[in-house]
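Structural features, examined
Here are the chains, one letter per residue:
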Amino acid sequence: MGQFRDYPDKEMFENFPQPGRWELVRLEQEDFPKIYCIDYSYWNELSSYMRKPSAAAVNIRNGVEIYGVSNQPFWEGADYLKKGSFSSIILLSCKNEKYLIVEGHSRMTVYGLVPQKFAGSCGYIGYVTVEQMRKYDEWMSR
């Protein structure tokens, strides 16, 4: 992911789990509340520390900007999504009860702005052990 997406923060991949299997899945509306952002300062702040794309979308609608970063790309993404679709997001799960976004935070937040477009979207889910998730993101392993 660091090479593919050129993430500047290499610490994001410390203790990154090695999924035992991956699945390409069709996501449904009932999956949306189970999806959480990584523990990262920008997404924590934007989601009011709820780590949910839907909470980030509420803040964007209310004009909240974090670290002086414009919300305009989210609105542009919403305009795009109303006419098209996004590529698959990448998630991790250890209990299949909740899913951690590894790649696709902005797209998931845009889905929060245009929730009717979420059902039927695709995602890759990497399944990891509880212990692997605990080392990577303690909160998600609970």
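One can find the structure itself at the top, above this paragraph.
Counting from 1, residues in each chain are numbered in the order their sequence is written. In keeping with the predicted nature of the model, local features appear solely for residues at pLDDT of at least 70, side-chain atom pairs appear and are counted solely at 80 or more, and the whole-chain, interface and lining totals rest on all residues. For side-chain calculations, the full set of non-hydrogen atoms in the structure is used, while hydrogens and water are omitted.

**Section: the overall build of the protein chain**
Helix numbers and strand numbers start at the N terminus; a helix is a DSSP run of H or I with at least 4 residues, a strand a run of E with at least 2. The secondary structure content of the protein chain amounts to 6 helices and 5 strands. In sequence order, the protein chain lays out its α and β elements as α-β-β-α-α-α-β-β-α-β-α. The C-alpha radius of gyration computed for the protein chain amounts to 15 Å, which stays within 12% of the reference 14 Å derived for 142 residues, consistent with globular compactness. Dimensions of the protein chain, computed from the C-alpha atoms along their principal axes, are close to 40 × 30 × 30 Å. Of all 142 residues assigned to the protein chain, the portion counted as buried reaches 46%. The contact criterion used is simple: two residues touch if any of their non-hydrogen atoms lie within 4.5 Å. Counting only contacts in the protein chain whose residues sit at least 6 apart along the sequence, the fraction spanning at least 24 positions is 70%. When the accessible area of the protein chain is evaluated, it comes to approximately 7,700 Å², of which 50% is carbon and sulfur surface. Here the positive residues are Lys and Arg and the negative ones are Asp and Glu; neither His nor the chain ends is included. Here the site of a charge means atom NZ of a Lys, CZ of an Arg, CG of an Asp or CD of a Glu. Averaging the positions of the 17 positive and the 18 negative side-chain charges in the protein chain gives two centres separated by 5 Å. Computation of the radius of gyration draws on C-alpha atoms alone. For the globule rule, the value is 2.2 Å times the number of residues to the power 0.38. Each residue gets one of three labels from its accessible area relative to the maximum for its type: buried under 20%, exposed over 50%, partly exposed in between, using a 1.4 Å probe on protein chains only. All accessible-area figures derive from a Shrake-Rupley calculation using a 1.4 Å probe, and residue coverage is judged against the displayed protein chains alone.

**Quick notes on the sheet that holds strand E1 (residues 21-26)**
Only strands joined by at least two bridges in the DSSP assignment are considered to pair. With mixed pairing, 5 strands are arranged side by side in an open sheet as E1-E5-E3-E4-E2. Each having just a single partner strand, E1 and strand E2 (35-36) make up the two edges of the open sheet. Of the pairings in the sheet, the one linking E2 to strand E4 (residues 99-103) comprises 2 bridges and is parallel in character. Following the sheet pairing, Ile 35 is matched in E4 by Tyr 99. Working convention: axes come from line fits to C-alpha atoms, limited for helices to the stretch in contact. Angles between N-to-C directions cover 0 to 180 degrees. Across the sheet, helix H5 (residues 105-113) is in contact with E2, strand E3 (89-93) and E4; its angle to E4 comes to roughly 125 degrees.

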